[in-house]
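Listed below are the residues making up each chain.
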Amino acid sequence: ATWPVAAGLLHEYGRVLRDVREDYDGAEAYFSRALEFAPEHPRLLVDAANLARSHGRDLERAAALYRRALAASPNWSEPAVLLGILLSDDMEDVDAGEAQFRAVLEREPENGWALACLASLLRAHRDAPDQTEDLFRRALAAGYRLAWLRAEFVAVLVETRKDAERAEEQIRLGLEEAPED
């Protein structure tokens, strides 16, 4: 999506304030000004939502901004997954978070991030070891390889399967992929 130059500059300065100066109030002010010029720009909405979510600043505003980003760009998975994380983890609405992850997977069945988030949610909140294991396996196969994902998958293999051999294999693979993580 294109946007006016002023919105782009205000957005970039907001990022400088957020990411370099750690001036979150200043960043929020610049994101808000940028939104005056480009009120439905998906990237700007997601960045503003991420800032509103950070440090528990304003979860309701974050949810509203993620929803606006989704309305502006319905096939973009980032705001949908972030909304799912916000709902399930920060706002403790597990059902709504799960629905967000599943909606992404309806459009993109091999979205590693959505697979990993749904698997993690199921592990924590549902008694669905077969589905949880399948989701972890699919996330890893999709190339979503973060150390925490392997660790969560190992926990499923140990807790629900009592499968030391497969758990050890996942640990070995994780250490090979990210020895410093």
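About the criteria used
- Residues numbered from 1 in each chain as written.
- Predicted model: local features only at pLDDT ≥ 70, side-chain atom pairs only at ≥ 80, totals over all residues.
- Heavy atoms only, no water.
- Helix = DSSP H or I, 4+ residues; strand = E, 2+ residues; numbered from the N terminus.
- Buried < 20%, exposed > 50% of the residue type's maximum accessible area, 1.4 Å probe, protein only.
- Contact = heavy atoms within 4.5 Å.
- Lys, Arg positive; Asp, Glu negative; His and termini not counted.
- Charge placed at Lys NZ, Arg CZ, Asp CG, Glu CD.
- pLDDT = per-residue confidence, 0-100.
- Patch = residues over 30% accessible without salt bridge, like charges linked within 9 Å, V, L, I, M, F, W, Y side chains within 5 Å.
- Areas by Shrake-Rupley, 256 points an atom, 1.4 Å probe, with all protein chains shown as cover.
- Salt bridge = Lys/Arg side-chain N within 4 Å of Asp/Glu carboxyl O.
- Axes fitted to C-alpha atoms, helices over the stretch in contact; angles between N-to-C directions.
- Parallel < 35°, antiparallel > 145°, perpendicular 65-115°, else oblique.
- Left-handed = near helix turned anticlockwise from the far one by under 90°.
- Phe/Tyr/Trp six-rings, centres within 6.5 Å; stacked < 30°, edge-to-face > 60°.

(A) The arrangement of the overall build of the protein in detail. When helices and strands are tallied, the protein shows 10 helices and 0 strands. From first element to last, N terminus to C terminus, the protein shows the α and β order α-α-α-α-α-α-α-α-α-α. For the protein, the spread of C-alpha atoms along the three principal axes comes to 55 × 35 × 25 Å. A total of 181 residues make up the protein; the buried ones form 43% of that total. Taking contacts inside the protein between residues at least 6 apart in sequence as the whole, the part at least 24 apart equals 47%. Both charge centroids of the protein, one from 22 positive and one from 35 negative side chains, sit 2 Å from each other.

(B) The environment of Leu122, seen in detail. Position of Leu122 relative to the elements: it lies in helix H7 (residues 112-125). Residues Leu122 and Ser73, 49 residues apart in the sequence, show an inter-C-alpha distance of 27 Å. In this structure Leu122 touches Glu98, Arg102, Gln131, Thr132 and Leu135, once residues within four positions along its chain are discounted.

(C) Summary view of the confidence of the model for the protein. In the predicted model, the protein carries a mean pLDDT of 93, and the fraction of residues at 70 or more is 98%. Here helix H9 (residues 147-159) stands out as the least confident element of the protein, with mean pLDDT 88; helix H6 (residues 94-107) is the most confident, with 98.

(D) Inspection of a nonpolar patch on the surface at higher detail. Together, Tyr13, Val16 and Val20 make up a nonpolar patch on the protein surface, roughly 270 Å² of accessible area in all. Residue position: Val16 is located in helix H1 (residues 5-19). Assessed through its relative accessible area of 34%, Val16 is described here as partly exposed.

(E) Spotlight on the pattern of salt bridges. Going through the model one piece at a time under the given rule, you end up with 24 salt bridges. Across the pair Arg166 and Glu133 runs a salt bridge, and its minimum N-O distance is 2.0 Å. With a gap of 33 residues between them, Arg166 in helix H10 (residues 164-177) and Glu133 in helix H8 (residues 129-141) connect regions that are remote in the sequence. Arg172 is paired through a salt bridge with Glu176; the nearest N and O atoms lie 2.3 Å apart. In this pair, Arg172 and Glu176 are both assigned in helix H10, 4 residues apart and thus about one turn of the helix distant. Accessibility expressed as a relative area gives 37% for Arg172, which makes it partly exposed. Taken together, the shared-partner salt bridges in this structure form one network comprising Asp130, Glu133, Arg137, Arg161, Asp163 and Arg166.

(F) Up close: the packing of helix H3 (residues 42-53) against helix H4 (residues 59-72). Close contact between H3 and H4 brings their axes to 8 Å; oriented N to C, the two are set at 165°. Here H4 runs roughly antiparallel to H3, going by the angle between their axes. The two elements H3 and H4 meet at a crossing, and its hand is left-handed. The residues of H4 that touch H3, namely those facing Pro42, Leu45, Val46, Ala48, Ala49, Asn50, Ala52 and Arg53, are Leu59, Arg61, Ala62, Leu65, Tyr66, Arg68, Ala69 and Ala72.

(G) The arrangement of the packing of aromatic side chains in detail. Counted by the stated rule, this structure contains 2 aromatic pairs. Between Tyr13 and Tyr30, the aromatic rings sit 4.7 Å apart at their centres with planes inclined by 80°, giving edge-to-face as the arrangement. Placement of the pair is Tyr13 in helix H1 and Tyr30 in helix H2 (residues 24-37), with a sequence separation of 17 residues. Tyr13 gets classed as partly exposed once you look at its relative accessible area, which sits at 36%. Tyr30 gets classed as partly exposed once you look at its relative accessible area, which sits at 26%.

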